[in-house]
Amino acid sequence: MCVRRVCAATSVAVAFIVCLGLGISGNALAGDDPDEPTVILFSGRDLWRNGVFAYGGFLTAPGGFEQDGLMLKMLLSGGAYRYTAQDLNTDVIGAEAVIQVLPGWRIKRGDIEAKFFFGLDIERHKLWPDDPGNRLRGTDIGARFAVELWYEPTPATMLAGDLSLSTIATNNSARIAYGWRVPEDVIGIGDFYVGPEAQYFASDGYRHWRLGAHVTGLKADGYEWSAAAGWASDSTSYASPYLRLGMSVRQ
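Only a predicted model underlies this, so the values are computations on that prediction, with no experimental measurement involved.

Thresholds applied
- Residues numbered from 1 in each chain as written.
- Predicted model: local features only at pLDDT ≥ 70, side-chain atom pairs only at ≥ 80, totals over all residues.
- Heavy atoms only, no water.
- Pairing = 2+ DSSP bridges.
- Helix = DSSP H or I, 4+ residues; strand = E, 2+ residues; numbered from the N terminus.
- pLDDT = per-residue confidence, 0-100.
- Contact = heavy atoms within 4.5 Å.
- Buried < 20%, exposed > 50% of the residue type's maximum accessible area, 1.4 Å probe, protein only.
- Axes fitted to C-alpha atoms, helices over the stretch in contact; angles between N-to-C directions.
- Core = buried A, V, L, I, M, F, W, Y, C linked by side-chain atoms within 4.5 Å.
- Salt bridge = Lys/Arg side-chain N within 4 Å of Asp/Glu carboxyl O.

**Q** Quick one: what's the story with the pairing of strand S4 (residues 90-109), residue by residue and with numbers?
**A** Both strand S3 (residues 69-85) and S4 contribute to a ladder of 17 bridges, which runs antiparallel. Residue pairing for S4: leucine 75 is matched across the bridge by glutamine 100. Between S3 and S4, which pair antiparallel in sequence order, lie 4 residues; one of them, asparagine 89, sits at a positive phi of approximately 55°. Strand direction decides the pairing type here: S4 and strand S5 (residues 112-128), joined by 15 bridges, are antiparallel. Paired with isoleucine 107 across the strands is alanine 114, a residue of S5. Two successive antiparallel strands, S4 and S5, enclose a turn made up of 2 residues, where glycine 110 displays a positive phi of approximately 65°.

Structure, rendered in structure tokens:
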């Protein structure tokens, strides 16, 4: 197990350095549009009855975000959550910290854009009281695969989806959203999308579902905002509204 972890960490570290090197040389040699953004900074918050989370990071593309090619995504997140441990017959409070370093590739064909990532996933989960039955407890190093899709079937609609899978306690997530474009002249701050969304989160012994509505691509003062709200429930019989807020800026 230790050998596998070291190999995974070494491989992703090498990929990280290669991506940075290509980014520097690509910006120096391309010269087509030096003002084209090559970095997206992002952050967000997510909360419901049994969890409060915050995340932030960056996505960089040496050739710009309008071209096919290499990308690098780094994500830092943390939060607190609660669940009912059946073995202990009591509620458990957990705190988590996550680091993901994900080299990737962007492909765009017509109205379809896809981003694929594969890299390092480091997670630390502290539990009160300690729950030996939770495979997320303690510190783990693993690999994560992720894909993000964006499709505009018509000039007035969008379809987005994402999928993320980790080797750590087989934790995974998925989301799908549909949206209708709201023209700029409706509220005077640029086009954006509104529509329904569905989400799913899982790990060994736990399931979480969400159904709600989202706002995506709302631009104001150089920033792009997103938000979602709806109803969440999980396999431990907890249920409540949820709220998610996100912000990004290109540089």
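Now that the structure has been shown, the text picks up again.
**Q** Residue-level account of the confidence of the model for the protein chain, with values.
**A** Residue-level pLDDT values for the protein chain average 88, and 85% of them are 70 or greater. This model gives residues 1-31 a pLDDT under 50, and the stretch forms 23 contacts once residues within four places in sequence are excluded.

**Q** Any chance you could break down the pairing of strand S10 (residues 206-220) for me, citing the residues and the numbers?
**A** Relative to S10, strand S9 (residues 192-203) runs antiparallel, the two being bridged by 11 bridges. Its bridge partner being in S10, glycine 195 is matched across the sheet by histidine 214. Adjacent in sequence and paired antiparallel, S9 and S10 are bridged by 2 residues, among which glycine 205 carries a positive phi angle near 80°. When S10 meets strand S11 (residues 223-234), the two strands line up antiparallel, connected through 11 bridges. In the sheet register, histidine 214 faces S11, and the bridge partner there is alanine 228. In this antiparallel pair of consecutive strands, S10 and S11, the connection spans 2 residues, and aspartate 221 shows a positive phi of 55°.

**Q** Hey, could you go over unusual backbone geometry for me, with residue numbers and the actual values?
**A** The general pattern is negative phi for most residues beyond glycine and trans for most peptide bonds. Tryptophan 128 connects to proline 129 through a cis peptide bond whose omega is -10°. Within the fold, proline 129 resides in the loop between S5 and strand S6 (138-154). Within the chain, threonine 170 stands out as a residue other than glycine whose phi angle is a positive 45°. With respect to the helices and strands, threonine 170 occurs in the loop between strand S7 (157-166) and strand S8 (172-182). The phi torsion at serine 237 lies on the positive side, around 75°, for a residue other than glycine. Turning to its location among the elements, serine 237 is positioned in the loop between S11 and strand S12 (239-250).

**Q** Mind laying out the environment of threonine 38, listing which residues take part and the relevant values?
**A** Turning to its location among the elements, threonine 38 is positioned in the loop between helix H1 (2-30) and strand S1 (39-48). Judged by its relative accessible area of 17%, threonine 38 is buried. Taking C-alpha positions, threonine 38 is 4.8 Å from glycine 64, a pair spaced 26 residues apart along the chain.

**Q** Explain the side chain of histidine 208 residue by residue, including any values.
**A** Within the secondary structure layout, histidine 208 lies in strand S10. Overall, the relative accessible area of 3% leaves histidine 208 in the buried class. With residues up to four places along the chain from it excluded, the contact list for histidine 208 reads Trp48, Gln199, Tyr200, Phe201, Ala232, Ser233 and Asp234.

**Q** Any details on the sheet that holds S5? Residues and values, ideally.
**A** The 12 strands lie next to each other as S1-S2-S3-S4-S5-S6-S7-S8-S9-S10-S11-S12, forming a closed barrel whose pairing is antiparallel. Going from strand to strand, the sheet's axes swing by 15° on average, the running direction of each strand aside.

**Q** Which residues make up the nonpolar core, and what values go with them?
**A** As a rule of thumb, nonpolar side chains are buried together in soluble globular proteins. Among the nonpolar cores identified, the biggest contains 8 residues, and these are Ile40, Leu59, Ala61, Phe65, Met71, Leu102, Phe117 and Ala146. Filtering out sequence-adjacent residues up to four positions away, phenylalanine 65 remains in contact with Glu36, Pro37, Thr38, Val39, Ile40, Leu59, Thr60, Met71, Arg106 and Arg250.

**Q** Go over the pattern of salt bridges with me, naming the residues and quoting the values.
**A** In the structure shown here, the tally under the stated rule is 13 salt bridges. The shortest N-O distance in the salt bridge between lysine 73 and glutamate 148 comes to 2.8 Å. Separated by 75 residues along the polypeptide, lysine 73 in strand S3 and glutamate 148 in strand S6 bring together distant segments of the chain. The partly exposed category is assigned to glutamate 148, whose relative accessible area is 25%. For the salt bridge of arginine 144 with glutamate 123, the shortest nitrogen-to-oxygen distance reads 3.3 Å. Taken together, the positions of arginine 144 in strand S6 and glutamate 123 in strand S5 put the pair 21 residues apart, joining distant regions of the chain. Each member of the pair, arginine 144 as well as glutamate 123, carries the same accessibility label: buried.

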